[in-house]
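Descriptive structure summary
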Amino acid sequence: MDLSTRAVDLRELMDDPDCDPATLDRTFRRFAVVNAAVSGWRSVWRTHVVPALPAAGRARVLDLGCGGGDLARSLTRWASSDGFDLEVVGVDPDPRAIAAAERHRTTGVTFRTESSADLVAAGQRFDVVVSNHVLHHLDDAERAAFLHDSAELATARSVHSDIRRSRAAYRLYALGSPLVSAGTFIREDGLRSIRRSFTQPELAAVLPRGWRAEAVAPHRVLAVRG
Ligand SMILES: C[S@@+](CC[C@H](N)C(=O)[O-])C[C@H]1O[C@@H](n2cnc3c(N)ncnc32)[C@H](O)[C@@H]1O
């Protein structure tokens, strides 16, 4: 497998509007297991989100492209164990994602079928804006619009986390994903996602002024503003 350049023309199965709805629903819900294993958000919460939250009062965090909603739910759980009063809003323009997210109601989290552009148009503001596995999904124009919207929506910080492309990440995922992928698009789309994802220098090269690309372990990259 050639991983020397981004496979930008590779499409993920879940991005086919005619993909099997039951498989897609299982995929959105199973993301919780995959994200817990690979995304490293517990540590990003401590290092990048907590320091940007207001010292007192209710904080608001937005999860853009929330998919099945597991990151939004985890953020409220970590906030409550770390003593923060946190409201989390998860949005995704795909109603099938929000239907999967709303299966598990969690106090402090609301889900809405909206895009980043809808929130900007509505004049919404949040202390911190986050996303997981959205950047690699977008083409150049979509990514530029998404980062522009994120900067408009965040008063303190934006943190967008994604896979960092490497041979090791590809090999590990190829070995581990069959354990959790039955009945979902998770194995094939995960491998395609790794091929579409950025190295740290590649991400740094496409980020607008004011953003920085950070490599974090294991196999992750962050686009951070603020
Ligand atoms: C691969 S999924 C990631 C889902 C979830 N964050 C996770 O990690 O499991 C990418 C999601 O981003 C959403 N998305 C794409 N563009 C968006 C935008 N401009 N605003 C909000 N969500 C967007 C898509 O609808 C899709 O559900």
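Right above here is the structure, for reference.
Keep in mind the model is a prediction, meaning the values are calculated, not measured.

Bringing the state of the cysteines into the picture now. Scanning all chains against the criterion turns up zero disulfides. Take C19: it sits in no disulfide, and the sulfur closest to it among the cysteines is that of C66, at 17 Å. For C19, a relative accessible area of 9% translates into the label buried.

Around the ligand there are 16 residues in total, and N35, G65, D92, S116 and N132 lie nearest to it. D92 places a polar side-chain atom, nitrogen or oxygen, 2.6 Å from an oxygen atom of the ligand. A distance of 2.8 Å is found between an oxygen atom of the ligand and a side-chain nitrogen or oxygen belonging to N132. Spatially, the ligand is embedded in the largest pocket. Of the residues assigned to the shell around the ligand, the class counts are six nonpolar, eight polar and two charged.

A few words now on the environment of G210. Within the secondary structure, G210 is located in the loop between α9 (200–206) and β6 (211–216). The spacing of G210 and G226 is 16 residues in sequence and 7.7 Å in space, taken between C-alpha atoms. Contacts of G210, omitting those with residues within four sequence positions, involve V224, R225 and G226.

Next up on the list: helix α6 (residues 140–153). Think of an α-helix as 3.6 residues a turn; residues three or four steps apart then line up on the same face. The first and last C-alpha atoms of α6 sit 20 Å apart over 14 residues, in line with the 20 Å expected at 1.5 Å per residue. Among the residues of α6, R143, F146, L147, D149, S150, A151 and L153 are the ones counted as buried. Near the N-terminus of α6, the side chain that reaches the backbone nitrogen of A141, with its oxygen 3.2 Å away, is that of D139.

Rules behind the numbers
Residues numbered from 1 in each chain as written. Predicted model: local features only at pLDDT ≥ 70, side-chain atom pairs only at ≥ 80, totals over all residues. Heavy atoms only, no water. Disulfide = S-S within 2.5 Å. Buried < 20%, exposed > 50% of the residue type's maximum accessible area, 1.4 Å probe, protein only. Near = heavy atom within 4 Å. Polar contact = N/O pair within 3.5 Å; in protein donor to acceptor, adjacent residues only side chain to side chain. 1 Å grid on protein atoms, 1.4 Å probe; cavity = no way out; pocket = protein on both sides within 12 Å on 5 of 7 lines; lining within 4 Å. Sits in = over half its atoms within 2 Å of the grid points. Nonpolar A, V, L, I, M, F, W, Y, C, P; charged D, E, K, R; others polar. Helix = DSSP H or I, 4+ residues; strand = E, 2+ residues; numbered from the N terminus. Contact = heavy atoms within 4.5 Å. Expected span 1.5 Å × (residues − 1).

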